[in-house]
Amino acid sequence: MSFSQTVKRLLVGEKLASAQLGETLLPKRIALPVFASDALSSVAYAPDEILLTLSLAGMAGFVFSWWVGVAVALVMLVVVLSYRQTVHAYPSGGGDYEVASVNVGPTAGLTVASALLVDYVLTVAVSVSSGVQNAKAMIPMLEGHEGTVAALVILGLMVLNLRGVRESGTIFAIPTYLFMFGIMSMTLWGLFRIFVLGDTVRAETSDYTVVSTATYAQNFTGMLMIALLARAFSSGCAALTGVEAISNGVPAFKKPKSRNAAATLGLLGLIAITMLGGIIALANLTHVRMLDIKGGAYFVTPDGREIHSEATTVVGQLARAVFYDSFRPGFYFIVVFTMIILFLAANTAFNGFPTLGSILARDGYLPRQLHTRGDRLAYSNGIVTLALGAVLLVLIFNASVTALIQMYVVGVFVSFTVSQFGMLRHWTRHLKTETNANRRQRMQRSRLINAIGLTMTGVVLVIVLLSKFLHGAYLAILAMIGVFLMMKAIRRHYDRVSREVALTGSMDKVLPSRVRAVVFVTEGINKPTMRAIAYARATNPSSIDAVMVAVDDEESQQMIDQWQVEDVDFPLKVIASPYREVTGPFVDFVKKMRSDNPRDVVCVYIPEYVVGHWWEQFLHNQTALIVRTRLHFVPGVMVTSVPYQLRSSTGADEKFQRDDPTAWRLAGTGAQE
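Just so we're clear, the structure is a prediction, and the values are computed from it rather than from any experiment.

Trainee: If you had to explain the pattern of salt bridges to someone new, which residues and values would you point to?
Mentor: Evaluation of the coordinates by the stated rule reveals ten salt bridges. Residue Asp363 pairs with Arg362 through a salt bridge whose shortest N-O separation is 3.1 Å. Assessed through its relative accessible area of 24%, Asp363 is described here as partly exposed. Under the relative-accessibility criterion, Arg362 is labelled exposed at 53%. Between Arg439 and Glu434 there is a salt bridge whose closest N-O contact spans 3.2 Å. For Glu434, a relative accessible area of 17% translates into the label buried.

Trainee: Let's hear about the pairing of strand β6 (residues 572-576): which residues, and what values?
Mentor: Sheet faces and side chains relate simply in a regular strand, where the side chains alternate between the two faces. When strand β5 (residues 543-550) meets β6, the two strands line up parallel, connected through five bridges. Following the sheet pairing, Val547 is matched in β6 by Lys573. The handedness of the β5 to β6 crossover, carried by helix α22 (residues 553-566), is right-handed.

Trainee: Account for the nonpolar core, with residues named and values stated.
Mentor: Ranked by size, the top nonpolar core spans 152 residues in total, and within it Phe350, Leu360 and Phe413 carry the most contacts. With 17 residues, the top contributor of residues to this core is helix α6 (residues 106-135). Setting aside residues up to four positions removed in sequence, Phe350 forms contacts with Val124, Ile154, Leu157, Met158, Asn161, Ile383, Leu386 and Ala387.

Trainee: Help me get a handle on the environment of Arg442, residues and values and all.
Mentor: Among the secondary structure elements, Arg442 is positioned in helix α19 (residues 437-468). Looking at Arg442, the relative accessible area reads 44%, which means it is partly exposed. Considering only alpha carbons, one finds Arg442 and Trp427, 15 residues apart in sequence, at a separation of 9.9 Å.

Trainee: Please give an account of the side chain of Ser235 that cites residues and values.
Mentor: In this fold, Ser235 is placed in helix α10 (residues 222-236). By relative accessible area, which is 1% here, Ser235 ends up buried. For Ser235, the contacting residues outside a window of four places in its chain are Glu49, Thr53 and Lys468.

Trainee: Tell me about the sheet that holds strand β2 (residues 297-300), and please be specific about residues and values.
Mentor: Read across the sheet, three strands follow the order β1-β2-β3 without closing on themselves; strand pairing throughout is antiparallel. The two strands at the open ends of the sheet, each matched to only one other strand, are β1 (209-212) and β3 (306-307). In terms of strand pairing, β2 meets β3 through two bridges, oriented antiparallel. The residue of β3 that forms the bridge with Phe299 is Ile307.

Trainee: Any details on helix α23 (residues 583-593)? Residues and values, ideally.
Mentor: Each α-helix turn comprises 3.6 residues. Residues three or four places apart therefore point the same way. Within α23, eight of the eleven residues are buried, leaving the element largely enclosed by the surrounding structure. Listed in full, the buried residues belonging to α23 are Thr583, Gly584, Pro585, Phe586, Val587, Phe589, Val590 and Met593. Turning to α23, the residues buried within the fold contact β4 (514-520), β5, β6, β7 (600-610), α25 (622-631) and β8 (637-645).

Trainee: Can you break down unusual backbone geometry residue by residue, with the values?
Mentor: Along the chain, Lys255 connects to Pro256 via a cis peptide bond; the corresponding omega equals -5°. Along the polypeptide, Pro256 turns up in the loop between α11 (245-248) and α12 (257-285). Here Asn398, not a glycine, exhibits a phi torsion of approximately 50°, which is positive. You can see Asn398 is positioned in the loop between α16 (380-396) and α17 (401-405).

Trainee: I'd like a description of a nonpolar patch on the surface, backed by residues and values.
Mentor: On the surface, a nonpolar cluster with roughly 690 Å² of combined accessible area is contributed by Phe469, Leu470, Tyr474, Leu475, Leu478, Ile481 and Leu485. Note on placement: Leu485 falls in helix α20 (residues 473-501).

Trainee: Explain the packing of α10 against α19 to me, using residue names and the numbers behind them.
Mentor: Here α10 crosses α19 at 115°, and the two axes come no closer than 9 Å. Put simply, α10 runs roughly perpendicular to α19. Seen from above, α10 lies across α19 with left-handed handedness. Between α10 and α19, the residues in contact are Ala230, Arg231, Phe233, Ser234 and Ser235 and Val460, Ile463, Val464, Ser467 and Lys468, respectively.

Trainee: Please set out the sheet that holds β6 residue by residue, giving values where relevant.
Mentor: Taken together, five strands build an open sheet; the order of strands is β6-β5-β4-β7-β8 and the sheet is parallel. Of all strands in the sheet, those with a lone pairing partner are β6 and β8, marking the two edges. With direction set aside, neighbouring strand axes in the sheet form an average angle of 30°. Of the strands in this sheet, β4, β7 and β8 touch α25, which is tilted by about 155° from β7.

Cut-offs and rules
- Residues numbered from 1 in each chain as written.
- Predicted model: local features only at pLDDT ≥ 70, side-chain atom pairs only at ≥ 80, totals over all residues.
- Heavy atoms only, no water.
- Salt bridge = Lys/Arg side-chain N within 4 Å of Asp/Glu carboxyl O.
- Buried < 20%, exposed > 50% of the residue type's maximum accessible area, 1.4 Å probe, protein only.
- Pairing = 2+ DSSP bridges.
- Helix = DSSP H or I, 4+ residues; strand = E, 2+ residues; numbered from the N terminus.
- Right-handed = clockwise from strand over helix to strand, strands pointing away.
- Core = buried A, V, L, I, M, F, W, Y, C linked by side-chain atoms within 4.5 Å.
- Contact = heavy atoms within 4.5 Å.
- Patch = residues over 30% accessible without salt bridge, like charges linked within 9 Å, V, L, I, M, F, W, Y side chains within 5 Å.
- Areas by Shrake-Rupley, 256 points an atom, 1.4 Å probe, with all protein chains shown as cover.
- Axes fitted to C-alpha atoms, helices over the stretch in contact; angles between N-to-C directions.
- Parallel < 35°, antiparallel > 145°, perpendicular 65-115°, else oblique.
- Left-handed = near helix turned anticlockwise from the far one by under 90°.

None of this, on its own, says anything about what the molecule does.
Spelled out as C-alpha cells, the structure:
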C-alpha cells in the first residue's frame, strides 16, 4: 500500500461495500447527537445574542429578555410539531426541498434548497466560531488567531465525517450527552441554591451598569422599542437552526424510519426548549449582563470605572456563578463541553448538506459527483464542499460570531416558511380524496399544526428580514440568489446535454461510410510510433497517413531518412511550421481531412508514454495532451491514445494491483473506464 493510501485509510478507515449500507443506519440514541447537536448547542449562544442586542437599550433592555426567550421557545415548539408531520409525510430525505417541489413547484423547491445550502455553510461557520470564542476563556493565546483555529477545527470535523455517519455519530454522542447533562445540572443546581438554600448566586457582571450610546437607549419606547425587541427576537431564533436537519436525514435512521425520526425530533424539541428556558431564567436570576461594543454599549463598575471589553459568554458566567466557589470541577466541565458541543454542532450540517446535495445532484441541479458515496458510504464530495465553504467564511470574518450570525437565520426561516406552506397544500390536496373519517381527522389536525407553523415562521421571517437586512442579512440573501441561479444554470446544461445526446432514429446506429486514419508522429520513428501505426492498420481504415510537424529542418530530415530505412509502405507527410508551432498546424491538417459527408470519420492515433512516477508525467506527453484536447472540439474526429509502457510503469502496475486488486481485475477484463 502506498504512503498516500496508508494515510487515507488511517484518516477515513477501511472501505465499505455498498451492501454494508444498512450497517451505517442510526438508532435513536445515536441519531439524536448526530442530527440535534446544532439545535442543542444553540442554547450556548442564542441567549448571548438576545442579551447582546438588548444591551443597546442600556439596563432597560434586559427586562425584556424573559419575553424574548418565551417567544423563541414558543416558535421552536410549533416548528418541531410541524416538522413531525413532515417526516411522516415525506420520509425519503428530501425534507423541505421535496415538500416545496411537490406541493408548490420546482422554483419554490429550488428556493428552499438554495436557502438550506447557504444556511448549512453558515451553521458550520457560526458553530465553530462560537466554540473558538468560548475556548478563548481558557486559552487566551487564541486571541487574534480565531479564524485560523476555526478553519483547522472545520477540517478536523471534515475528516471525522468522511469516516461515515454512524462512526462520526458514535464519536460525537458522548460529548453531546455530557453537554446536555452539564447544562441541566447547572440549571437545576443553580435554581436549588437560589430557591431552596437561599444562596446569593450572582454573575460576575451583575454589579455592572450597562450604558449605551445607541439611539435605542435615548428613547426606548414606541417603535424604537419594538424594533429592538424584534431584532433581539430574530437573533434568539438562531436557536431554531438545525431543527429541519432531521427531516433531511430520515433515510439514515433505522426502521421504522419515520417513527424513529419523529420521536427523535420530539425529544430534541423537549430538551432544547428546556435548556434554553433554564439558561434564560438563570441568567435573569443571577443578573448576567452582556455588551454589544460595536453598537456603542459599555460597562460602568460600581466605582465609576468604564469597561469597553466584551464580557464572558452567558454560559461561562453562569458556570462560574453556580459552580466556581462551591464545586470548581463543575465549572471546568461546563466550559469544556460547551466548547466541544459548539464545535460538534457543525456535525448536523455535515449530515444535512451532503444528503440534500445528493438529492439535488440526482435531480440535475448540482454536479453529479455530489450524488456518489465515498469509501465509507458517506457523500464525501458534499462533505468536502461544505467544509471548504465554511473555512472560507471563518477566514473572511475571522470567526466573529456577531458578524456571522446576522446572516444566519434568514435561510432557515425561508425554508421553514415555504415548507409549511407546502405541507398545508399537501394536506388540503389529500383531504379532497380521503374518505376514511379517522384519517381525515388526523389530516385536519396535521393541517392545523402546519397552518400555525406557517403563520409563525412567516411572521418571524418578516421580522428577521426587517431587523437584520442592513446588519448582514442581505449578504445571505445575495448568496441564496447566487446559489439559486447556479443550480438553474446547471440544470439547463444537463437538460441541453440530454437533448443533444438522445437517440433520434436509425441514423444514430449507422456505421461510418469511411474511416481515415492519421498517426501523429511526435517524438521520432520509434517503438511507440510503430505500435500506433500497427494499431491503426489493425482497425482496417479506408486510408492511413503518418503525419509529423517540422519545427527543426535537421531533425525532420533525420526522421524522413529513418522512415525510408524502416520501409513503411506509405509515405510520411511533413507539415512545415515556420513559426515552430506543432499543435495548430496538425489540428488544421486534420480539419482539412474532414469531408462534407457526415458519415465520414477521421481517427487520430497518438502514441503516448506510460510512466511509473508522477513527476515523469511532466516530462512526457504534453504535446499529445494539448493536441488531444484541441481535437475533441472538432466534429467527426475520433482520438485514440496508444499507450507504450516504459519500464518504470511496471512497478506502478504492481503497486496498483496491491492497492486496489478489485479495480485491477476489472481493468484486466476491460470493465474499468
